[in-house]
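Below, each chain spelled out in residue letters.
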Amino acid sequence: MATSISTDTLCPLTLKSLPSSSLDVGVAVDCGLPFSDSKCAHKCTLDALVRYIQGEPVLGDTKNEKIQNTTNKGGGPLCPVCHAPIISVCDGIFASETLREKACVVCFRYGKQNYFLSVPSSSSGASAWSIFKKASTAQDRIAYVLGMSTKNGGLKVRSLTLEIRR
C-alpha cells in the first residue's frame, strides 16, 4: 500500500515539517497574480523553494548536490508537487487571504518569477518583525529571501523592479 505525503504539513522539497511562521512558508503559484486563476498553490519552505527555483542545493539535502529542477519549455522551473510552471512565489502571509488584506507587500520580478513578500509597515512596528527575522525593510526582506547581502549600500542586482502595495 503506497503512502502519500501531505503537502499541507510537509515541505515536498526538504520532506520536513513546514515552518510555523508564515514568513518562512513559500507558495509556488502557476499564474502571474497569485490566486486570481491559480490551479497550483503548493506550500514549501520559502528558502527551499527559492533555492529550488535557482537550481541550488535545498536545505535538508544531505547529498548537497545541485537539484535538477524540472523545467518547462520556456526554461522555468515546475512545481515539485504538480509540475505546473512556477510563475509566482509568495510567502505564507500573502498566501493567506485574511492576512493579505492587512499586509504591506513588496512585489518584484527576479529571474523568471514574480515575488510577493510581506514587509513590515510603519504602523506594525519593525520590532514585531525582528522576532521572526532580522529583515525590517523591503530591501532587507528581499535580500534575506533571495540570499543576497545588503552590505555596501544596498542590493547588488542588475535589474530589479520594486512595487510596494498596501
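Overview of the structure.

Calculation criteria
Residues numbered from 1 in each chain as written. Predicted model: local features only at pLDDT ≥ 70, side-chain atom pairs only at ≥ 80, totals over all residues. Heavy atoms only, no water. Helix = DSSP H or I, 4+ residues; strand = E, 2+ residues; numbered from the N terminus. Buried < 20%, exposed > 50% of the residue type's maximum accessible area, 1.4 Å probe, protein only. Phe/Tyr/Trp six-rings, centres within 6.5 Å; stacked < 30°, edge-to-face > 60°. Core = buried A, V, L, I, M, F, W, Y, C linked by side-chain atoms within 4.5 Å. Contact = heavy atoms within 4.5 Å.

Right, let's get into the overall build of the protein. When its secondary structure is counted, the protein shows 5 helices and 6 strands. Written out in order from the N terminus, the α and β elements of the protein read β-β-α-β-α-α-β-β-α-α-β. Out of the 166 residues belonging to the protein, those deemed buried represent 41%.

Our focus in this paragraph is the packing of aromatic side chains. Pairs of aromatic rings are described using the distance from one ring centre to the other and the angle between the two planes. Overall, the coordinates contain 2 aromatic pairs when judged by the stated rule. Relative to F116, the ring of F94 lies with its centre 5.1 Å away and its plane at 20 degrees, an arrangement referred to as stacked. Residue F94 is found in helix α2 (residues 92-95), and its partner F116 is found in strand β5 (residues 113-119); the two are separated by 22 residues along the sequence. F116 carries the same exposure label as F94, and that label is buried. For the ring pair F108 and Y115, a centre distance of 5.1 Å and an interplane angle of 5 degrees mean the geometry is stacked.

The next point concerns the nonpolar core. Of all hydrophobic cores here, the largest spans 27 residues; its most connected members are L49 and I86. Setting aside residues no more than four positions away along its own chain, L49 makes contact with L13, G26, V27, A28, C44, I86 and V89. In this structure, V27, V29, I93 and F116 belong to the second largest nonpolar core, which totals 11 residues.

Our next topic: helix α1 (residues 46-54). Within α1, 7 of the 9 residues are buried, leaving the element largely enclosed by the surrounding structure. What α1 keeps buried is the set L46, A48, L49, V50, R51, Y52 and I53. Contact partners of the buried residues in α1: β1 (25-29), β2 (41-45), β3 (88-91), β5 and α5 (138-146). At the exit of α1 stands G55, carrying a positive phi of roughly 75 degrees.

Moving on, we get to α5. Among the residues of α5, those classed as buried are A138, R141, I142, A143, V145 and L146. One or two residues past the end of α5 sits G147, with phi positive at roughly 70 degrees.

Spatial relationships are all this shows, so hold off on functional conclusions.
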